[in-house]
Each structure stands twice: as C-alpha cells, then as structure tokens.
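# Report on the structure
Here are the chains, one letter per residue:
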Amino acid sequence: MKRFLIVGLVLFSAVFFFSCGNALMELSENGGGGSSSGGDNIPDNTPTTVSDGLTSGLPLTYIDTNDQLKAMLGDPKPHFYILRGNGVPNRTFTIDMSASQTFSGGVLTGWYKDETPTGNKLTKIQSESGKSLFTQMHGATVSWLKFEATIDVTKSGPDTVGIDYQHAGIVAGLATNTKFERVSVSGTVVIDDFSWPQTVPVLVVKKVYTGGIVGKTEGMATFQNCSGKGVTVSVSTSGSSSVTEAYAGGIAGQLATGTFVSTPVTETVVTASGAPDTYAGGYAGAVSVSASVYDSAPVPVGITVTAETAYTNGNAYAGGVAGETSGTFGPNWLSGSIDVTAKVTSSTGDAYAGGIVGKTASALSHNWLSGSIDVTAASSTASSTTGEAYAGGIAGLSGGTIGESFVFSPYSVKGVNASVEAADSVAAAGGIAGKTEGTISKSYAVVSVVNASAADASTTPPSSPYGAIAGGIAGIGGASIDNTFADTKVDARINSNTNSVPVYAGGIVGYLLNTCSVQNSYAAGSVLAHTDTNNTVFAGGIVGYSAMTDTAVVAANSVAFQGYIGTDGTMNRVIGAYSSGGSLSNNYAYENMTKYSEGSPIGAGGSADANGANISRSAFSAGTGLSSWDSSIWGFSSGSYPYLQGIFPH
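Residues numbered from 1 in each chain as written. Predicted model: local features only at pLDDT ≥ 70, side-chain atom pairs only at ≥ 80, totals over all residues. Heavy atoms only, no water.

## Observations concerning the pairing of strand S2 (residues 60-63)
- Every second residue of S2 is oriented toward a common face, with Leu-60 and Tyr-62 on one face and Thr-61 and Ile-63 on the other, all of them buried.
- Summarising the sheet, S2 and strand S3 (residues 80-83) pair through four bridges and their orientation is parallel. Its bridge partner lying in S3, Thr-61 is registered against Tyr-81. (Buried < 20%, exposed > 50% of the residue type's maximum accessible area, 1.4 Å probe, protein only. Helix = DSSP H or I, 4+ residues; strand = E, 2+ residues; numbered from the N terminus. Pairing = 2+ DSSP bridges.)

## Observations concerning the side chain of Asn-315
- Within the element layout of this structure, Asn-315 appears in strand S25 (residues 314-319).
- What makes Asn-315 buried here is its relative accessible area of 15%.
- When neighbours within four sequence positions are excluded, Asn-315 is seen to be in contact with Pro-276, Asp-277, Thr-278, Thr-309, Gly-349, Asp-350 and Tyr-352. (Contact = heavy atoms within 4.5 Å.)

## Considering the packing of aromatic side chains
- Per the stated rule, a full pass over the model turns up 33 aromatic pairs.
- Seen from their ring centres, Tyr-444 and Phe-485 are 4.6 Å apart, and the 5° between their planes marks the pair as stacked. Taken as a pair, Tyr-444 in strand S39 (residues 440-454) and Phe-485 in strand S42 (residues 481-494) lie far apart in primary sequence, 41 residues in all. You'll find Tyr-444 and Phe-485 in the same group, each marked buried.
- Judged by centre distance (5.0 Å) and plane angle (50°), the rings of Phe-538 and Tyr-545 are tilted.
- Since its relative accessible area comes to 14%, Phe-538 is described here as buried.
- Grouped by ring-pair contacts, the aromatic residues Trp-333, Trp-368, Phe-406, Tyr-444, Phe-485, Tyr-522, Phe-561, Tyr-590, Phe-620, Trp-629, Trp-634 and Tyr-641 constitute a single cluster.
- Over the ring of Tyr-209 we find Lys-216, and its NZ or CZ is 5.4 Å from the ring centre. (Phe/Tyr/Trp six-rings, centres within 6.5 Å; stacked < 30°, edge-to-face > 60°. Lys NZ or Arg CZ within 6 Å of the ring centre and 35° of its normal.)

## Notes on the pattern of salt bridges
- Inspection of the entire model under this criterion finds six salt bridges.
- A salt bridge links Glu-148 to Lys-124, with the nearest nitrogen and oxygen atoms 3.5 Å apart. One end of the pair, Glu-148, is in strand S9 (residues 141-152); the other, Lys-124, is in strand S7 (residues 123-127), and 24 residues separate them in sequence.
- Owing to a relative accessible area of 25%, Glu-148 belongs among the partly exposed residues under this scheme.
- Across the salt bridge formed by Lys-414 and Asp-374, the nearest N and O atoms sit 3.9 Å from each other. Of the two residues, Lys-414 sits in the loop between strand S35 (406-409) and strand S36 (415-420) while Asp-374 sits in strand S31 (residues 367-379), which places them 40 residues apart along the sequence.
- On the accessibility criterion, Lys-414 (49% relative accessible area) is partly exposed. (Salt bridge = Lys/Arg side-chain N within 4 Å of Asp/Glu carboxyl O.)

Purely spatial values, then, with no claim about function.
Written as structure tokens, this is what we have:
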C-alpha cells in the first residue's frame, strides 16, 4: 500500500520550553526527592524521545516512592524526572492530590535506567483524588507513562477555573506548548454539576473543556504514540444556565494546534450535552487551527461519540476525529468501529455529524475512514419549527474542498443517516459530505446505505433545498464534484407528505446548487426516493435534481451504473430533473437498469440527455473507462470497475 507523505506534521526532534512568568501558580519550595545530578550525567540509555539539548541543564531526579511523586508536584524548578519501577513490571504510583499543581518546563518519564518498558508495561500513575494530576502544564513533556483516574468535578470541584471557563483531563486541565509521547490513559472525566463552591465570587463559567488526556490546549501540542482505552469523557452543563459551550474529546476537549500521530482510541465513549452548543470528537471536541490523526497506516479505533443539545437555536457537532474544525484538517485515517451522533431536541437548531468531522470551514485533505460506521445527524423533536441535519461519511457540512478522501464501509449496519422532524427543515446525507460548499475531488464512498428522512411540513415549506436529500458522494453539492465514485444504497423519503416537501436522491449528489456540476464520476448500487402522497420527488443515477439556471455543465463524462432506481415522482437514469438551465454531455447508464418495485427496464436516451446512452457491464469493466478519463487519476484493470490511483482501499 502506498504511503502518503504528511505535510506540516510537527518535527519531534526539538521541543522548546519557555517560562510562563507570573501567570503560573505560586508553588511551594519543597524538593523533588530521590537522587539528582546535572543534565550532563543523564544515563546513557535516557529515552531517545528526549534529546540532550532538551535535558541539558535540567537536574535529574529519580522518583521511587509515592511521597517523592507528590513532592515533585510542589517543585518550582524544572527537572528531568524519571519514575523507576525497580524491576517491577507495570508498577503503580498512587497519589492523592490535595491541591492543584502546575508543571512547567520539566520532563516526566517512565523510561528509566536498565528498565525499558514496552507495550502495556508502562509505569502507572493512579490518582485517587478525582482531580487532574496537573492543573496546568507549560512547556513540559510527559512520556512512557500510563495514567488511570476518575476525574469527577461534581465531587472534587473544578480542576481549573479561568476567567470564564474551566477544564479537566486525566493528566492535565490546561496544557500550553506541551508534548505527550507514549502516554496511555484509562478512566473517566465527568463534569455534570456546577454547584461546587466558587472560589471567585464573580466567576461565570461560559465554556467547559473535558478530555481523556487534557481538557484544553493552547499553543502547540503533540500527542505521539499515545492511546486512550476504556475512557469515558462526559460533560453535561444542564446545571448551569451560564455555560454556552461544552467540549469533550477522547484525547483533548479542545486542540488549539497540533497533531495526533499513531494515537488510537478504543473502547472510548465521548459525550457532550446540556449547553446551547456542544462539541464532541473521538480525539477532540474542536480543533481551532490544524490537526491530523495519521502515521503511515490506519489508526485502529473503537469510539462512540455523541453531541446533543436541547437549547433553542442550539447546535450539536460530532465527529470521529473532531466535532468542529476551523483549519486545514488532515491527513486522518481511522479504521474500526465508529459510531457518531449529533442530535438536537429543541424547537430550532442544527446537527452536524461526520465520520471524521461534524462541521468544517476549511479544506479536508487525505481523510480516510474504513470499518463499521454509523454516522447520524438528527433534529428529532416533532414540534420543531425549523432545523437542519447534515451527516457525511467524512464531514457533515464542509465549507471548503475535500480531496483524495474515501469512506469504505460496505458492511456497516446503519451507514450514514440524516433525519429531521421539524416542519420546515432539511435533512441531507452523503457518503462523503452531507453538504459541501466547496469542491469534492478524487474521492469515493463505498457505504452500505446513505439515508435521509424528513417529516411532513405543517405548511408549504420555503424554497429548496429543503426536505430529505441524499447522495452517494454529497447530499447537497455547492461546487464541482469530479473524479469520484460511489457504491451505496441511496435512500431519501418523507411519509404522509401533504404539503409538497421535496425529496431528492442521486447516486453522486442529491441536490446540485446553481454553482455545482458533476464530471468524470460514476455511481453503482441503487437510488430510491419516496413519499406517500405527492410527486415532489426526484431520483437520478448521478444527480437527483439540478438547480442550475445558466448553461454551465450539470453532468458530463459520468456513468450511472445502478441495478435499479426508483421514485414515486420524477425519475431518470442520469438526472432526475432540471430547474431551468445547465447542460449534459457524454453520460452513460447501465443498459439493464430497472425501475424499483416494477422490475421494468428504464429506456435509454442519448449521451447528452437525462437518461444517458447505454453502457454494458462488460464495456464498463473492460479496463479502459471512458475515453475522457485521465489515466493519471484513474486506474483501469480488465474485469473490474475503474478505481482512483493511489487512494486505498479500492
């Protein structure tokens, strides 16, 4: 398998520390215990992850007892601390934190002289206090350690309270310019009550951050060869009316800038609820600038992520990696069991769910998802008046480009689902994106099912796109979609539709906005669109409906290769229906495509009309593709459908 180069990953050869001055908490002067010496006397087999340049000038301190570990937390001077197991595999240090502590500029490691831990033989630090080991970390490094704790702010009080926020994590509440390497965590981080005594009388908590390793990061943070197993991260802010945002992540509640490299999360459950805006991610609730979860192979995961809000105008963001991002995101490659849900139960509000990210404003590049996936976005209160739900294999809503990405989940039970019960709402689901406002290129989706369902409207709804919208690549397409393919069952439906709420289903895209076109793409599987009582329903093998109003291309050089498509309304082999403009050229459809439930063939058209010219199975799998397809992008092999070069699996 071809390995992809990762642009922009942080170099781990040098870490720079800085002093945080008066911003740091005042610490006691008691020393760190154990023997110590200057940096020049560090043992020869000092961890290779800690360079000589990093440790030069730092006193070396060995930690052999629980008391020495606690004393280390009160040492104001940076040290290079080594926890020694004294020949005991999986040795556990137990600490009961009586007060919050800051760790600044030092190194804490479990890799010690003559004892090289591997695999699960990591020295363990077990907290019994219900508080993070460190309130804050500044310019520090933690490596080769396992942490196990139950962080319960309800019982212990806030880990860290800032001017208007608080955060908690098993290792640290807040981490600034920090590095975590081979750090393993297990346990729980819970915030579900805001009734603790406040140390600052005027404090009003507005944002809450919870994470498996750290609650919130600032500056650069790197997580390399770390892991979370059996971690439960939960934040519920219903006990405080002042909280506006809640973040929860399997590794970090919020990541400012950084990377997750070879860092799997397994048996991990992440939940954010109670606040108007909730963010939940398998790795981070939100990523402010840029991040990736990748090495040179897929990262195995087993995660359940839920973001839920019951507030009017509240929003829920949930993703396998992050609930929301505002910077370039990728590469990310997750493989395993991914269960992502974003849910709104208020009168108004939007839900965004994605196998990688719930919502992003920027580019997604080299994002890959394989395994068993269940991605669901739901606005679920029948009395709702408005609401939007976007679900995608990669992203629920993408505000930028998506390139060289795939979703490979042909055997998942639930696939990608978007649903609304609001009166005037949209539910959009896509194998790659529920809705994209940028291009999608060199990407594909092999998903068992892509579903969109919506309730009937109490009144005639506003103009489209509204209702239930589903597509093999995108539910709603806002820019060009090229060099893509989809193999999925696409299904969009509305029951008891008395007010003409529209339904759109397409093999590549359900609804094309005026700025969008589909080129050099193909779709297999099936396409279905249903409603009980009217014909405001559109289905097409490539495009369900096009809102194009000028003469730009709607679909070109594309193939609809479904066995069947079906609808109660308007149906054609390539495109269900047009608005008032756009053109078609060089499009084809499977010669034996039939109407669902009837079994009767759908007649062929021409290569420039809505039904497309005939193409046979043998011709499409002859190893040539269409003559217009670029062989530097597409791969061809006799006896199989075309595939995208260098994008695995195919």
